[in-house]
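# Topology and contacts: notes
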Amino acid sequence: MLIRQERPSDVPSIRAVTAAAFSGVAHAAPSVEADGAPGEATLVGWLRADPGWVPELSLVAESGPADPEVVGHVVATRGQLAGRSALGLGPLSVHPAHQGRGVGAALMHAVLGAADALGEPVVVLLGEPALYSRFGFVAAGETGIESPDPAWGDYFQARTLSAWRPEYAGRFRYAAPFDRL
């Protein structure tokens, strides 16, 4: 498996992987397009057109070298944290045929390392605490970061990076396309 930056030619594969990963998932966003794909598949396209898009933080997992195909994708985009730039992660997608093989973990480690190397202070996400705690995520409130929706509770999580300073805390707002779902 190779983790690399997304290429323009990957766009259809990323959409297919994201749609497959979120199809039938209870918490998936409803479809907003005629093809019936979960909203997360459309969201990735909307994010590419947003000023918060960070090309270096849209990563794919490619299967082995013999016949490489995109089997996973993760993206982090710039949102706002109390008037400062901060990263919101998601969606993270792994094709169902490749789940349980470490693809998602490899993508998560790669995107966190890339974000840290870019000097970003924090990455936030909405997800299952038991799953993301192994990557250093904690309830965002523990870092002083407020969720866009208080009902999210501990599912809104943060992973501080090397550039983090406590004075950066405040209310987080995802890149604008998230508001469209």
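Just above, that's the structure.
Residues numbered from 1 in each chain as written. Predicted model: local features only at pLDDT ≥ 70, side-chain atom pairs only at ≥ 80, totals over all residues. Heavy atoms only, no water.

Attention now goes to the pairing of strand 4 (residues 84-94). Within strand 4, nine of the eleven residues are buried, leaving the element largely enclosed by the surrounding structure. Pairing geometry for strand 3 (residues 70-81) and strand 4, over nine bridges, is antiparallel. The residue bridging Gly72 from the neighbouring strand is Val94, located in strand 4. Regarding the hand of the β-α-β motif, the stretch spanning strand 4, helix 3 (residues 103-117) and strand 5 (residues 122-126) is right-handed. (Buried < 20%, exposed > 50% of the residue type's maximum accessible area, 1.4 Å probe, protein only. Helix = DSSP H or I, 4+ residues; strand = E, 2+ residues; numbered from the N terminus. Pairing = 2+ DSSP bridges. Right-handed = clockwise from strand over helix to strand, strands pointing away.)

For the coordinates displayed, the defined rule picks out eight aromatic pairs. Between the aromatic rings of Trp164 and Tyr168, the centroid separation amounts to 5.9 Å while the plane-to-plane angle is 90°, which identifies the pairing as edge-to-face. Aromatic rings pair up to connect Trp152, Phe156, Phe172, Tyr174 and Phe178 into one cluster. In this structure, Arg180 is placed above the aromatic ring of Trp46, and the distance from its NZ or CZ to the ring centre is 3.8 Å. (Phe/Tyr/Trp six-rings, centres within 6.5 Å; stacked < 30°, edge-to-face > 60°. Lys NZ or Arg CZ within 6 Å of the ring centre and 35° of its normal.)

Contact geometry for helix 1 (residues 11-22) and helix 2 (residues 39-48): axes closest at 8 Å, N-to-C directions at 145°. Side by side, helix 1 and helix 2 meet where Val11, Ile14, Arg15, Thr18, Ala19 and Phe22 of the first sit next to Glu40, Ala41, Thr42, Val44 and Arg48 of the second. Residues of the contact of helix 1 with helix 2, tallied by class, amount to six nonpolar, two polar and three charged. (Axes fitted to C-alpha atoms, helices over the stretch in contact; angles between N-to-C directions. Contact = heavy atoms within 4.5 Å. Nonpolar A, V, L, I, M, F, W, Y, C, P; charged D, E, K, R; others polar.)

Mapped onto the elements, Ser63 comes out in the loop between strand 2 (58-62) and strand 3. Expressed as a C-alpha distance, the spacing of Ser63 and Met1, which sit 62 residues apart in the sequence, is 4.7 Å. Sequence-distant contacts of Ser63, defined by excluding residues within four places in its chain, comprise Pro68, Glu69 and Val71.

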